[in-house]
Amino acid sequence: MSRLIVDARSLDDRPLTGVGRYTSNLLQSLSSENRQKMYLFIGRRQSVDNLPPDLQIIRNPYSSKFTILMALCNIPLLRRFFLSDDVILLPNIDFFPIGEAFNVNVVIHDLSWMHNRKFFSLKGRFWHNQKYIYDLLRKAKRIICVSGSTLSELVKYYPLIEVGKCRVLYPGVEVTSEGGTAITNPKDTIVFIGTNESRKNVASVVAMWSELHQDLDGYQLIIAGKRGWGAISANLPRLQILDYITDEKRHELYQRAALFIWPSFYEGFGFPLTEAAHYNIPIITSFTTSMPEIMRLRAYYCNPWNYGELTAVVRQLIHKQSSVPVQVDWPIWPKVSKEIVQILGL
């Protein structure tokens, strides 16, 4: 029986963001049958406290810097820890120096480093090393793309990658008991939840509020999320810019939200969009990359490069107290994890 090896190093980055939440939800939703043959590959100093207790561990004895160096030098440092019939799943692109004679499968969430390198710091640009990523994708037996948009960009930027080994599979929706419950708090908040970074276009959110805060007396704007490259700070009336928030606080914000805004320049999928939709909130997002594919008629759209358009849509929806458009059914995690196992041939 082949072992299923899942790279769980992304779970060491706390608080969890999109990729970490994807990995966590995947592990939790796998069936007991698959869990019996599953191992987690973790980092040298990674704590096991946040890992599922019933899974076996393969710990990388080498530092992350040495692992990266070996990967860039194309030296199969990790080969001795794996068997020839292992099925290895990387839930995101990461440095994994193992060589070519293994069944390695990769999930691609986006290709933002190819779309616009200005979205990344110098360290981030180094991390997304072009030659290593191309070699990893070339060697991969299967590639799972989280949206059709991501697959289209993969074909565009890496035309030599074999398209036949690629599959589009949407991530599962995080269904919680809180979402969809009766709203008792006042709907007085415009909410942005996500990493505070240049790619998410937080600057346009602040510019919108700079123009609208006087017209929207009785409303507040809350921007919540981990600070990233190009994070925005501002001092405006009834504006709060928060760092990481707990799941309880996020639930509270969704409950209070009159509107959820997400004018991102680029997304491979857009996890906060489906999360906000679960709370039946009107949503404004960008008509670019994956967002119209994922949200379809469920959202209102704007041009992310024109904050005046975002401002106009927010004003219109708040004053008209617009309802939620057409609902969209996204897959749930147990179904997605089952399909992933099938794609891997297990």
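See the structure shown above.
None of these values were measured; they are calculated from a predicted model.

Looking now at the pairing of strand 4 (residues 87–90). Going residue by residue along strand 4, you find Val87 and Leu89 tucked away on one face and Ile88 and Leu90 tucked away on the opposite face as well. Looking at chain direction, strand 1 (residues 4–7) and strand 4 are connected through three bridges and run parallel. If you follow Val6 over to strand 4, its bridge partner there is Leu89. As paired strands, strand 4 and strand 5 (residues 103–108) are joined by four bridges and run parallel to one another. Directly across from Val87, in strand 5, lies its bridge partner Asn103.

The next point concerns the packing of aromatic side chains. For the coordinates displayed, the defined rule picks out 16 aromatic pairs. Ring geometry for Tyr22 against Trp333: centres 5.1 Å apart, planes inclined by 80°, an arrangement best described as edge-to-face. In this pair, Tyr22 sits in helix 1 (residues 18–29) while Trp333 sits in helix 13 (residues 333–343), placing the two residues 311 residues apart along the sequence. For the residue pair Tyr22 and Trp333, the accessibility class agrees, reading buried in each case. A connected cluster of aromatic rings, assembled from ring pairs, spans Phe192, Tyr254, Phe260, Trp262 and Tyr279. The side chain of Arg3 reaches across the aromatic face of Tyr39, ending 4.7 Å from its centre.

Our focus in this paragraph is the pattern of salt bridges. Side-chain pairs of opposite charge can arise where the charged atoms are in close proximity. A complete count under the given rule lists 16 salt bridges for this structure. With its nearest N and O atoms 3.8 Å apart, the salt bridge here joins Asp94 to Arg9. Taken together, the positions of Asp94 in the loop between strand 4 and strand 5 and Arg9 in the loop between strand 1 and helix 1 put the pair 85 residues apart, joining distant regions of the chain. Exposure class is identical for Asp94 and Arg9. Each is buried. With its nearest N and O atoms 3.6 Å apart, the salt bridge here joins Lys249 to Glu252. Linking Lys249 with Glu252, this pair stays in helix 9 (residues 247–256), spanning three residues, or about one helical turn. Of the residues examined, Glu252 reaches a relative accessible area of 34% and is grouped as partly exposed. Each member of the salt-bridge network shares a partner with another, and the members are Arg21, Asp247, Arg250 and Glu275.

Parameters and conventions
Residues numbered from 1 in each chain as written. Predicted model: local features only at pLDDT ≥ 70, side-chain atom pairs only at ≥ 80, totals over all residues. Heavy atoms only, no water. Buried < 20%, exposed > 50% of the residue type's maximum accessible area, 1.4 Å probe, protein only. Helix = DSSP H or I, 4+ residues; strand = E, 2+ residues; numbered from the N terminus. Pairing = 2+ DSSP bridges. Phe/Tyr/Trp six-rings, centres within 6.5 Å; stacked < 30°, edge-to-face > 60°. Lys NZ or Arg CZ within 6 Å of the ring centre and 35° of its normal. Salt bridge = Lys/Arg side-chain N within 4 Å of Asp/Glu carboxyl O.

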